[in-house]
2 protein chains.
Amino acid sequence: MPEIIPDDSVGLVQPEKILFNQPLELACGRTLDQYHLMVETYGELNEARSNAILICHALSGNHHVAGYNSLDDRKPGWWDSAIGPGKPIDTNKFFVIGLNNLGGCHGSSGPNQTNPDTNKPYGPDFPLMTVADWVNSQARLADHFGIEQWAAVIGGSLGGMQALQWSIDYPQRLRHCMVIAAAPKLSAQNIAFNEVARQAISKDPQFHNGHYYEQDEVPKVGLMLARMLGHITYLSDDGMRDKFGRELREGKISFDFNPQFEVESYLRYQGERFSTEFDANTYLLMTKALDYYDPAADFNHDLPAALKRALCKFMVISFTTDWRFSPERSRAITDALVEAGKQVSYAEIDSPQGHDAFLIPIPRYMEIFRAYMKRVEADIPKTSGETA
Amino acid sequence: MPEIIPDDSVGLVQPEKILFNQPLELACGRTLDQYHLMVETYGELNEARSNAILICHALSGNHHVAGYNSLDDRKPGWWDSAIGPGKPIDTNKFFVIGLNNLGGCHGSSGPNQTNPDTNKPYGPDFPLMTVADWVNSQARLADHFGIEQWAAVIGGSLGGMQALQWSIDYPQRLRHCMVIAAAPKLSAQNIAFNEVARQAISKDPQFHNGHYYEQDEVPKVGLMLARMLGHITYLSDDGMRDKFGRELREGKISFDFNPQFEVESYLRYQGERFSTEFDANTYLLMTKALDYYDPAADFNHDLPAALKRALCKFMVISFTTDWRFSPERSRAITDALVEAGKQVSYAEIDSPQGHDAFLIPIPRYMEIFRAYMKRVEADIPKTSGETA
C-alpha cells in the first residue's frame, strides 16, 4: 500500500473493459468477430477531443500505466514516473489512454480469456498478432472515444514500434510520435533470445501445447526461464555490475547449487514471481509480434520509403547502455526519418540501466521528455475544426 | 569422414586413459582418492622433456584437440586449426597434450563415470571443481609424463583461466602462458547467463536431481536450452547478422511456431545435437567452475598481487566483437600483468565472430599465434639441466 498517494499521482484509477463488435481482420488472415480491450484513462478529454495521448505497452506491459487500482497496491502503474499532474505527460493538460493489447493477459481478448465461440479459454487458438494489428485495434479504440487525431502516440521498446507503425498506417491520425528505446526491426540476436524463451515455454511439460488452462497447470519453469533471460537483456553489463557485482550472498563460496551470488537470487526471484503472474501463451505471442515487426518489408526493405507516408513530428530516444535495442538502432530510425524528410528530434540518454532505462525517471530523460511534451501541448488545436 | 587427411594434420590419434592413484585434495574440502584423466598427445617429447605444451579446454571441450580418432570422423579435434605440422603450435617442434578435465564427460573421472566406491555413476555426487583443482590435476599429469616445466600452457576462454592459474600456482613449471579470449573473473552478467542455463537443466523433470543415469533418461530440454543460450553468447550481434540476418526459411512469415528465421532453426539444431552428446551434470559443474574463478580473491582482490608470483612470459589475445569476455577483460589481465612487472604481449584481433573467434583460423590471429610460438620455441632449453 502506498503510505500516501503522492500529489503528482493520477491517484486511484479503475480499468474499463470495452467491447468492440466490428470484425477486425488480422495480418495472419483470420478475423476477430468481436473483442474486448481493457483500458485505463487519466486526465480529461477536452471538448475538441484533441488532447489525447495513446500509451503503447511493451512485451509484458498492460493498461495499468499510472496511478493505483486500490489503496492496497504495492506499486503504481508501470510508467507512473512519466504520467501524472505536473509530470512529463501532464494529466492536467492531456487525456491519456493506456490499454492492454489484444493477445495480452490482463483482461483484453487474449489466450487466457474466454472465446465466445467455445466458452473456453482461447489458449493457443488465439490468433498471432502483429504490431500493425494492434495499431488497427487501437484506431478502433480512438474511434470509440471520438478521437480523430492523437496529440501523440508514445511507447517504449515494443511500444515504440507501435507508435512508429501508427505514423505509417494512420498518418492523419497523430500529430506527434515518440519512439523510445526501440528498433526498426529485431536483429538475429534479438530473435535468437526470443526463440530460447519460446522453447523454454513450449517444451515445458506443463505447457500441454498451450492447453494448460484445462489441465489446471501452468508452465511455470518455462515462464521463469524466459523472464530470467529477458531480465539479463533488459539490464546492461555495467548496470548489473553496479547492482550486484560479484557479491556473495553468504560472504563466501559454498560448493553447491544454492544461489551463491546476489545476481542469481535476484533472477530466480524475478523469474518465479513472473511465472505466477503472466500468461505463457501471451508471452509466446508477444515475442512473435516482436520478431515479425519489419515496417520496411512492404516497401522493398526501404525504411525511409515506409516512413515517407508519415505526417507527424517525431521524437526518438535511446539509452547508451541499452544493448537489446542499442542507440545505433534508434539512430537508424532517426536517419530514415531524416531521409524521408520528416521533422525528428533525437536524444541519446547517458544511463547505466540498459534497456530498462526507458522506465526510469532519469533526470535528463525526464527533462527532454517534458520539453518535447510542451511542443505536443503547443500543437493542440484549440477547436475541433482545427487540425495540425 | 575426411576425404583425405591433410598434410598439416596430426593425422589419426588415439586417446589414452591414465589412472592417478595419489589422492587429490579439492577446494571444496573433499578428496578424490583416485581418478582417471583422458588424454591425447601430438608430436614427440624431446629428450630433455622441455618441449611440452599443455592445452586447456573450455566449457564443452575435451582431450580431442587435433587430428582424427577414426577415418569415419566428420570433423577433426576442436582446435585442429592451431595444432599440427607447420601450424602455429607446430607438432614438428612441440609435444602437445590435451586432456579432458576432471568432472568432464569424455572419459576423465566425472559425473557420467563409474564411482569406484559405489560401482555406479558419480552423478551429482562428483565433487564440484575449481580452476585451481584442475591445475593441480594437470600438474600430476605433467609429473606422469616427467615434464618438469611446460614450454607453454595455452587455453581459450575457461581454458585461458586455467593457463593464468598455472602461472600463479606453479610459477616454476611453465615458461610461457597464453591466455586467449578469457577474463580475470566472471561479470554479474556472465554469472546470470550461467544461472539461467543451470536452472534450465536442474528444473528439467528428466534431471531427477542429477540421478538421471539410473532412470535411463537425460534432461534433453534443459541441455538444449543451455546450449542455445550459450551459442548466443558465443556469437556477436554483428556475426549473427552476417550469418543469419533476418533470412526467412520459407521466404515469408507464416503465423505459427515453426522456425521462421534461419537463426531459429540453427539454434534448435545446435541445441538438440548438444543435448544428445553432453552430460548435464558436467555442464552444471563447468559453469560453476567459471562462476567461482577469481584468482585475486585470495590476494585481497588485488590481481597484480596474485600475478606477482608468476615467473613466465605471457601472451594475451582478445577479439573485438567478443562480448562474453570482451577485449576490456583481456586488457584488465594485461594491465595487471604489467603492474606486476611481468613480460606480456597483448593482441586484439579484429573479427566479427564474437567469442567463437578463438577457435577460428583468422589470418592475423594465426600470424600472431605463430610468431609467439617461435618465441616459445626459442626458449626451449636444449639440455635437461637448463631451464629458462
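Residues numbered from 1 in each chain as written. Chains lettered and ligands numbered in written order. Predicted model: local features only at pLDDT ≥ 70, side-chain atom pairs only at ≥ 80, totals over all residues. Heavy atoms only, no water.

Glancing now at the domain arrangement of chain A. All names here are of chain A. What the domain assignment lists for chain A is domain 1 (16-185 + 295-378) and domain 2 (191-288). Once you take the C-alpha centre of each, domain 1 and domain 2 turn out to be 26 Å apart. Residue-level contacts link 30 residues of domain 1 with 26 residues of domain 2. Between domain 1 and domain 2, the buried area comes to about 2,200 Å², and carbon and sulfur atoms account for 65% of it. Counting across the domain 1 and domain 2 interface gives zero salt bridges. For the side of domain 1 that touches domain 2, the class distribution of residues is 14 nonpolar, twelve polar and four charged. (Domains from an automatic or database assignment. Contact = heavy atoms within 4.5 Å. Buried area = accessible area lost by both parts, 1.4 Å probe. Salt bridge = Lys/Arg side-chain N within 4 Å of Asp/Glu carboxyl O. Nonpolar A, V, L, I, M, F, W, Y, C, P; charged D, E, K, R; others polar.)

On to the interface of chain B and chain A. Between chain B and chain A, the contact holds 51 residues from the first and 52 residues from the second. Carbon and sulfur atoms supply 72% of the area that chain B and chain A bury against each other, a total of about 4,400 Å² over both sides. Contact with chain A buries surface across chain B, with B:R246, B:F255 and B:F257 losing the most and accounting together for 17% of the total. For the pair chain B and chain A, the interface holds eight salt bridges. Notably, a salt bridge pairs A:R246 with B:D294, separated by 3.9 Å at the nearest N-O pair. For the side of chain B that touches chain A, the secondary structure elements donating two or more residues are α3 (188-202), α5 (220-234), α6 (237-243), α7 (262-277) and α8 (280-292) of chain B. Counting residues per element, the side of chain B that touches chain A draws most heavily on α3(B), which supplies ten residues. Partitioning the side of chain B that touches chain A into residue classes produces 29 nonpolar, eight polar and 14 charged. (Helix = DSSP H or I, 4+ residues; strand = E, 2+ residues; numbered from the N terminus.)

For the structure shown, the criterion picks out 38 aromatic pairs over all chains. Between A:F274 and A:F278 the ring centres are 4.8 Å apart and the planes differ by 15°, which places this aromatic pair in the stacked class. Grouping residues by exposure puts A:F274 and A:F278 together as buried. Considering the side-chain rings of B:F20 and B:Y35, the 5.1 Å spacing of their centres and the 10° angle between planes classify their relative orientation as stacked. In this pair, B:F20 sits in strand β1 (residues 16-20) while B:Y35 sits in strand β4 (residues 35-42), placing the two residues 15 residues apart along the sequence. (Phe/Tyr/Trp six-rings, centres within 6.5 Å; stacked < 30°, edge-to-face > 60°. Buried < 20%, exposed > 50% of the residue type's maximum accessible area, 1.4 Å probe, protein only.)

Negative phi is the rule for most residues except glycine; trans is the rule for most peptide bonds. Residues and elements named next belong to chain B. Phi angles above zero are rare outside glycine, and D216 is one such case at about 55°. Following the sequence through the fold, D216 ends up in the loop between α4 (212-215) and α5. The exposed category is assigned to D216, whose relative accessible area is 74%. The backbone of N300 sits at a positive phi, close to 55°, despite the residue not being glycine. Mapping N300 onto the fold places it in the loop between α8 and α9 (303-307). Look at N300 and you get exposed, because its relative accessible area is 71%.

On to the sheet that holds strand β4 (residues 35-42) of chain A, then. Residue and element names in this part refer to chain A. Read from one edge to the other, the open sheet built from eight strands follows the order β1-β4-β8-β5-β11-β12-β13-β14, with strand pairing classed as mixed. Looking at which strands have only one partner, the edges of the open sheet turn out to be β1 (16-20) and β14 (344-349). Here the average twist between neighbouring strands, direction ignored, is 20°. In terms of strand pairing, β1 meets β4 through five bridges, oriented antiparallel. Within β4, the residue paired with K17 across the bridge is M38. Where helix α2 (residues 158-169) meets the sheet, its contacts fall on β5 (52-56), β11 (152-156), β12 (176-180) and β13 (313-319), and the angle it forms with β11 comes to roughly 150°. (Pairing = 2+ DSSP bridges. Axes fitted to C-alpha atoms, helices over the stretch in contact; angles between N-to-C directions.)

Looking now at the UniProt feature "active site" (unreviewed entry) in chain A. All names here are of chain A. UniProt marks S157, D322 and H355 with the feature "active site" (unreviewed entry), using the numbering shown here. Annotated residues spanning 199 residues; largest pairwise C-alpha distance 10.7 Å, indicating a single compact cluster. Note that S157 resides in the loop between β11 and α2. In contact with S157, not counting residues within four places along its chain, are A58, I180, A181, A182, F325, H355 and F358. Examined against the element boundaries, D322 turns out to sit in the loop between β13 and α10 (327-339). The exposure class assigned to D322 is buried, which follows from its relative accessible area of 2%. In contact with D322, other than residues within four places in its own chain, are A181, P327, G354 and H355. Side-chain polar atoms of D322 contact the backbone nitrogen of R324, separated by 3.0 Å. (UniProt positions renumbered as here; feature names shortened; annotations may be inferred. Polar contact = N/O pair within 3.5 Å; in protein donor to acceptor, adjacent residues only side chain to side chain.)

Residue and element names in this part refer to chain B. For the coordinates displayed, the defined rule picks out 28 salt bridges over all chains. Notably, a salt bridge pairs R331 with E348, separated by 2.7 Å at the nearest N-O pair. Highlighted residues: R331 in helix α10 (residues 327-339) and E348 in strand β14 (residues 344-349), separated in sequence by 17 residues.

What follows deals with helix α2 (residues 158-169) of chain B. Residues and elements named next belong to chain B. The end-to-end C-alpha separation of α2 is 16 Å, in line with the 16 Å expected for twelve residues at 1.5 Å each. With eleven of twelve residues buried, α2 is to be regarded as a mostly interior element. Looking only at α2, the buried set comprises L158, G159, G160, M161, Q162, A163, L164, Q165, W166, S167 and I168. (Expected span 1.5 Å × (residues − 1).)

You can overlay chain B on chain A at an RMSD of 0.0 Å; the transform is a turn of 180° with a shift of 0.0 Å along its axis. Within this description, the copies of the chain are treated as partners about a two-fold rotation axis. Both copies present the same face, since 100% of the interface residues in chain B are matched by interface residues at the equivalent positions in chain A. (Least-squares fit on C-alpha atoms with pLDDT ≥ 70 in both.)

Before going further, it helps to examine the UniProt feature "binding site: substrate" (unreviewed entry) in chain A. All names here are of chain A. According to UniProt, the feature "binding site: substrate" (unreviewed entry) maps to R227 and D356 in the numbering used here. Look at the named residues: they lie 130 residues apart in sequence, but the longest C-alpha span between them is just 13.6 Å, so in the fold they bunch up. Mapped onto the elements of the fold, R227 is located in helix α5 (residues 220-234). Of the residues examined, R227 reaches a relative accessible area of 14% and is grouped as buried. Contact partners of R227, with chain neighbours within four places excluded, come to S60, Y234, Q270, G271 and F274. As for its placement among the helices and strands, D356 is situated in the loop between β14 and α11 (363-378).

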